[in-house]
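Chain residues, written in single-letter form:
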Amino acid sequence: MCLSFCKKREKESEIERTFECQAFFLSAQAYMLQIYEPHDAGELWEINQMVYKIRETISRRMSQGAAENNWISEKTFAWEKGEKAYMKKQFFEIEKDGFYGIYYDNPNGSDCAVIGLFGDDPNDFMAKCGARWLLKNGVNVLCMSPGKKNYSHVNYLLERIETAIGWLKKNGNRKIGIMGMSTTGMDALVAASIFPDITLTVGITASDFVWQGFEQGKKDGCREWPVPGTSTLSWRGKPLPYMPFVYEHPVYWQKVEEETKGSGDIERSTCLFIDSEKAREHTEEEMIKVENIKGKLFLIGADDDSFWEAGKYVRRMDQRLKERPHTCDYVPLVYEHGTHFVLPESLLRMALPVGLKFVMKFIFRAAKEYPDECEATRKDIDRRLTAAIKEWKVEK
């Protein structure tokens, strides 16, 4: 892959190609190691081997006094420098503060804060990138998760978000928003439907219903499994009503592996949701009451999502809002192409400054087949959310 990549740049100087390859592969390695764990260890080994080869080439070039490495080094490690430059952190622990999270004060000052549900831990690489993107958009940021390195979603207490909102209000934040992606997109919608202090809500690839609780880790050769009798969320001491998965452990994960094999996606799990919806109709109790959400609401998904039917869920929420009284100003965004990562382009660029489109092709088949369309989707989302946050901040 390294040679094919470099051949496309034959018109450029040898030294420039070499350093761009270094940046690309180092970024790819960081992305794969810190955001997505490949199913196949051989795939990760291959990337690492390419990184080592590039590093050897770079060492030889640098010994020849090549000065061109300065600009690319800055670009490659921009996220590291950015974090050190202005991401001042304040940590919160469940035992002491009532919730687990990290607060980032905007260096330019702000009286608006967004709760970011970006990763499985506020200190994860993706959560840091999400925080940086929000800081860039002029707000304070509170990244939250169930607990330290807690990759499970079992009866997460919504009271913790309520406590966090109270802390934000007491500490100079006039307005509060929430932004979640993937599973936590659902969490963001549920929280916003319960807590009226939230006046900006962004649900990225969110479902319109609450799921059964599930855990992640290692169990009987499985990396994820449903937990019987639990919900993903709880409120006032009780699990929220939820859609039970039709598959139990270990068939649940075996179905994911079966669907993923040969799909071209690093993970494919639509069968869990499609088959569970076929097995029984949703009850009204387990559906998210999006009509109760206040302020601005963005519902974002793509029809080629390999995890679940995100596009269908956004359409159902759109229909629900059309049929029910509501006060929120909502924007349903369904894209034909975008993959599960329908995130702002500049946010993903913070995670992977060089080679983003290439790495996306490695993760999602749709990104390989429709790279330009997926990029256009991310850029449109970036433009819309950036404008919405800017408008929200100045509203009274």
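Bear in mind the structure is a predicted one, so any value in this text is a computation, not a measurement. (Residues numbered from 1 in each chain as written. Predicted model: local features only at pLDDT ≥ 70, side-chain atom pairs only at ≥ 80, totals over all residues. Heavy atoms only, no water.)

## Remarks on the overall build of the chain
Now for step 1: Broken down by element type, the chain carries 16 helices and 13 strands.
Now for step 2: Here the chain holds 396 residues, and 57% of them are scored as buried.
Now for step 3: Considering only contacts in the chain between residues 6 or more positions apart, those separated by 24 or more positions represent 73%.
Now for step 4: Roughly 17700 Å² of accessible area belongs to the chain as shown, and the carbon and sulfur atoms make up 50% of that amount. (Helix = DSSP H or I, 4+ residues; strand = E, 2+ residues; numbered from the N terminus. Buried < 20%, exposed > 50% of the residue type's maximum accessible area, 1.4 Å probe, protein only. Contact = heavy atoms within 4.5 Å. Areas by Shrake-Rupley, 256 points an atom, 1.4 Å probe, with all protein chains shown as cover.)

## Comments concerning the side chain of Glu291
Now for step 1: In this fold, Glu291 is placed in the loop between α11 (270–279) and β12 (296–302).
Now for step 2: In this structure the side chain of Glu291 is engaged in a polar contact, spanning 2.8 Å, whose partner is the side chain of Arg320.
Now for step 3: Residues in contact with Glu291, not counting those within four places in the same chain, are Arg320, Leu321, Arg324, Pro325 and His326. (Polar contact = N/O pair within 3.5 Å; in protein donor to acceptor, adjacent residues only side chain to side chain.)

## Some words on the environment of Asp382
Now for step 1: Its place among the elements puts Asp382 in helix α16 (residues 371–394).
Now for step 2: Residue class for Asp382 comes out buried when judged on its relative accessible area of 12%.
Now for step 3: Note: C-alpha distance between Asp382 and Val342 (40 residues apart in sequence) is 9.6 Å.
Now for step 4: Sequence-distant contacts of Asp382, defined by excluding residues within four places in its chain, comprise Trp133, Pro344, Glu345, Ser346 and Leu347.
Now for step 5: For Asp382, the side chain forms a polar contact with the main-chain nitrogen of Glu345, separated by 3.4 Å.

## Quick notes on the sheet that holds strand β6 (residues 175–181)
Now for step 1: Across the sheet, which stays open at both edges, the 8 strands sit in the order β1-β2-β4-β3-β6-β7-β12-β13 with mixed pairing between neighbours. Bordering the open sheet on either side are β1 (89–92) and β13 (329–335), each of which pairs with just one other strand. Averaged over all adjacent pairs, the angle separating strand axes in this sheet is 15 degrees, with direction ignored.
Now for step 2: Each of β1, β2 (101–104), β3 (112–117), β4 (140–144), β6 and β7 (198–204) touches helix α8 (residues 158–170); the most contacted strand, β4, lies at about 160 degrees to it. (Pairing = 2+ DSSP bridges. Axes fitted to C-alpha atoms, helices over the stretch in contact; angles between N-to-C directions.)

## Details of the side chain of Arg160
Now for step 1: Within the fold, Arg160 resides in helix α8.
Now for step 2: One buried charged side chain, Arg160, makes no salt bridge at all; its nearest oppositely charged neighbour is Glu159, positioned 7.3 Å away.
Now for step 3: Setting aside chain neighbours within four positions, we find Arg160 in contact with Ile94, Gly98, Phe99, Met144 and Pro146. (Lys, Arg positive; Asp, Glu negative; His and termini not counted. Salt bridge = Lys/Arg side-chain N within 4 Å of Asp/Glu carboxyl O.)

## A look at the pattern of salt bridges
Pairing is possible between side chains that carry opposite charge, provided their charged atoms lie close to one another.
Now for step 1: Evaluation of the coordinates by the stated rule reveals 30 salt bridges.
Now for step 2: Measuring nitrogen to oxygen at the nearest pair gives 2.4 Å for the salt bridge that ties Glu391 to Lys296. Here the residue Glu391 occupies a position in helix α16, and Lys296 occupies one in strand β12, the gap between them amounting to 95 residues.
Now for step 3: Because the salt bridges share partners, they merge into one network encompassing Glu345, Arg349, Lys357, Asp372, Glu375, Arg378 and Lys379.

## Focus on the environment of Ile115
Now for step 1: Tracing the backbone through its elements, the reader meets Ile115 in strand β3.
Now for step 2: For the pair Ile115 and Leu200, spaced 85 residues apart in sequence, the C-alpha separation works out to 9.9 Å.

## Considering α11
Now for step 1: For α11, the complete set of buried residues consists of Thr270, Cys271, Leu272, Phe273, Ser276 and Glu277.
Now for step 2: On its buried side, α11 packs onto α10 (251–260) and α12 (310–323).

## Quick look at helix α14 (residues 356–363)
Now for step 1: Listed in full, the buried residues belonging to α14 are Leu356, Val359, Met360 and Ile363. For α14, the angular spread of the buried residues around the axis is 105 degrees, confining them to a single face. (Arc of directions from axis to C-beta.)

## Things to note about the packing of α10 against α11
Now for step 1: Remark: α10 packs on α11, axes separated minimally by 8 Å, with the N-to-C direction vectors making an angle of 120 degrees. As judged from the angle between their axes, α10 and α11 are oblique. Within the contact between the two elements, α10 uses Tyr252, Lys255, Val256 and Glu259 and α11 uses Thr270, Cys271 and Leu272.
Now for step 2: Here the contact of α10 with α11 is built from residues that sort into 4 nonpolar, 1 polar and 2 charged. (Parallel < 35°, antiparallel > 145°, perpendicular 65-115°, else oblique. Nonpolar A, V, L, I, M, F, W, Y, C, P; charged D, E, K, R; others polar.)

## A closer look at the sheet that holds strand β10 (residues 233–235)
Now for step 1: Taken in spatial order, the 3 strands line up as β5-β10-β11 in an open sheet, and their pairing is mixed. Both outer strands of the open sheet, β5 (156–157) and β11 (238–239), are each paired with one neighbouring strand and no more.
Now for step 2: Pairing of β10 with β11, which is carried by 2 bridges, proceeds in the antiparallel orientation. Considered in β11, the bridge of Trp235 is made with Lys238.

## Concerning unusual backbone geometry
Now for step 1: Put simply, His249 and Pro250 share a cis peptide bond, and its omega is 5 degrees.
Now for step 2: The phi dihedral of Asp220 is positive, around 55 degrees, even though this residue is not glycine.
Now for step 3: Here Asp220 shows up in the loop between β8 (212–219) and β9 (222–231).
Now for step 4: For Thr339, which is not glycine, the phi torsion reads 65 degrees and is therefore positive.

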